[in-house]
Amino acid sequence: MSEARALPGRPRIGAIDGPATERAVCVLAPNPSPMTLDGTNTWIAAEPDARLAVVIDPGPEDEGHLRRVAGAVERTGRRVGLTLLTHGHPDHAAGAARFAELTGSAVRALDPALRLGEEGLAAGDVLQVGGLELRVVPTPGHTADSLSFHLPADRAVLTGDTVLGRGTTMVSHPEGNLGDYLDSLRRLRSLTVDDGVTTVLPGHGPVLQDAQGAVDYYLVHRAKRLAQVETAVENGLRTPAEVVAHVYADVDRALWPAAEQSVRAQLDYLREHGLV
C-alpha cells in the first residue's frame, strides 16, 4: 500500500504481468487504486523443470483473478504445491481460502488465523518445494505479521508491502511499528550485501533491479519524514491530521489517510524514544 509518489531505486516503468526472473512470474490482480498502485502482484515461483509451484499472495477475493493464477500454473504443466502469504491485508490474502479450494494447496502464513493446514511460517524457515528454495525473512513494520521471501537462485527477494516497486509504503497503525520497520529495512539491506540480492519482487508496482538502491532510498526517506514530523511537533502541530497536512502537503490527498497511519506510527516512535 503506497503513501508517496517518489520512485525508489530504478524501477521498470509500468506494471508487470508476466515473467520477472528465471523462476518468478507475476499475475497482476485487477484491483488498481491509489493504495494498491497497478494492483496486487501475485507471484508464481518454480524451478524451470519442476512439477510443483509456489504461489505468493493469491490476492483479493476475485474469482476471475484466482482462476487466472491457477490456470497460469496449470498451463506450465505444474500444480500449486504451496501458497504463501506475506501478510494479512485483504488485497494480498482475502482470496487465499478460495485459492486453496481451487488448487488443493495448503496456505502458510505467520498469523495462525490465515493458515490453512498445520504448518505456519517462522523466521529462518527454509522452504523446499519442487526443488525451489525460499527463505523466510521476518520483515515486520508495515504490519506485525509481514514477511519477505528470499529466492537465492534468482538473487531476488519478494517483499510484499515492505518495499514497493513505486512509491513508499505505509506503516499501518496500530498494527505496524516504525522501529520494527526500520529494523526490517536494515535486514533487507543485509541481504543485498551478504547474500547478493539484486532484485526486488514487490507486492505492488514494477520490479526493482537495484535492490540496494531501493532499500537505501527507503531508509533515507524514512529518516527525512521522521525529522519532518519531529519538527512539525516542535512547531506546535499536535494532531496527526495537522502533521499530515503540513508534512505531506505535496502528496495526493487520496493518500492522506494512509499517511496519517504512518504519522501516528512516527509519533509513537518519537514518544518511545523521548524525542517529543
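Note that the coordinates shown come from a computational prediction; the quantities given were computed from them, not determined experimentally.

Criteria and thresholds
Residues numbered from 1 in each chain as written. Predicted model: local features only at pLDDT ≥ 70, side-chain atom pairs only at ≥ 80, totals over all residues. Heavy atoms only, no water. Helix = DSSP H or I, 4+ residues; strand = E, 2+ residues; numbered from the N terminus. Rg over C-alpha atoms; globule rule 2.2 N^0.38 Å. Buried < 20%, exposed > 50% of the residue type's maximum accessible area, 1.4 Å probe, protein only. Contact = heavy atoms within 4.5 Å. Areas by Shrake-Rupley, 256 points an atom, 1.4 Å probe, with all protein chains shown as cover. Lys, Arg positive; Asp, Glu negative; His and termini not counted. Charge placed at Lys NZ, Arg CZ, Asp CG, Glu CD. Pairing = 2+ DSSP bridges. Axes fitted to C-alpha atoms, helices over the stretch in contact; angles between N-to-C directions.

Caption draft 1: The arrangement of the overall build of the protein chain in detail. On a plain count of helices and strands, the protein chain comes out with seven helices and 10 strands. Its C-alpha atoms give the protein chain a radius of gyration of 18 Å, within 12% of the compact-globule value 19 Å for 276 residues. Buried residues in the protein chain amount to 55% of all 276 residues. The contacts of the protein chain with a sequence gap of at least 6 include a subset with a gap of at least 24, amounting to 65%. When the accessible surface of the protein chain is split by element, carbon and sulfur atoms take 50% of a total near 11,200 Å². Here the protein chain contributes 26 positively and 36 negatively charged side chains, and the mean placements of these two sets differ by 4 Å.

Caption draft 2: Main features of the sheet that holds strand S9 (residues 156-160). Taken in spatial order, the five strands make up an open sheet running S6-S7-S8-S9-S10, and their pairing is mixed. Among the strands making up the open sheet, the edge pair consists of strand S6 (126-129) and strand S10 (199-202). The sheet shows a mean angle of 25 degrees between the axes of neighbouring strands, direction not considered. Across four bridges, the pairing between S9 and S10 is parallel. The residue of S10 that forms the bridge with Ala156 is Thr199. Along the sheet face, helix H4 (residues 178-194) touches strand S7 (132-138), strand S8 (147-151) and S9 and points at about 145 degrees away from the line of S7.

Caption draft 3: Structural view of unusual backbone geometry. Residues His173 and Pro174 are joined by a peptide bond in cis, for which omega reads 10 degrees. Phi at Asp57 takes a positive value of approximately 60 degrees, unusual for a residue other than glycine. Within the fold, Asp57 resides in the loop between strand S3 (52-56) and helix H1 (63-74). In this structure, Arg155 takes a positive phi of about 50 degrees despite not being glycine. Among the structural elements, Arg155 can be located in the loop between S8 and S9. Residue class for Arg155 comes out partly exposed when judged on its relative accessible area of 46%.

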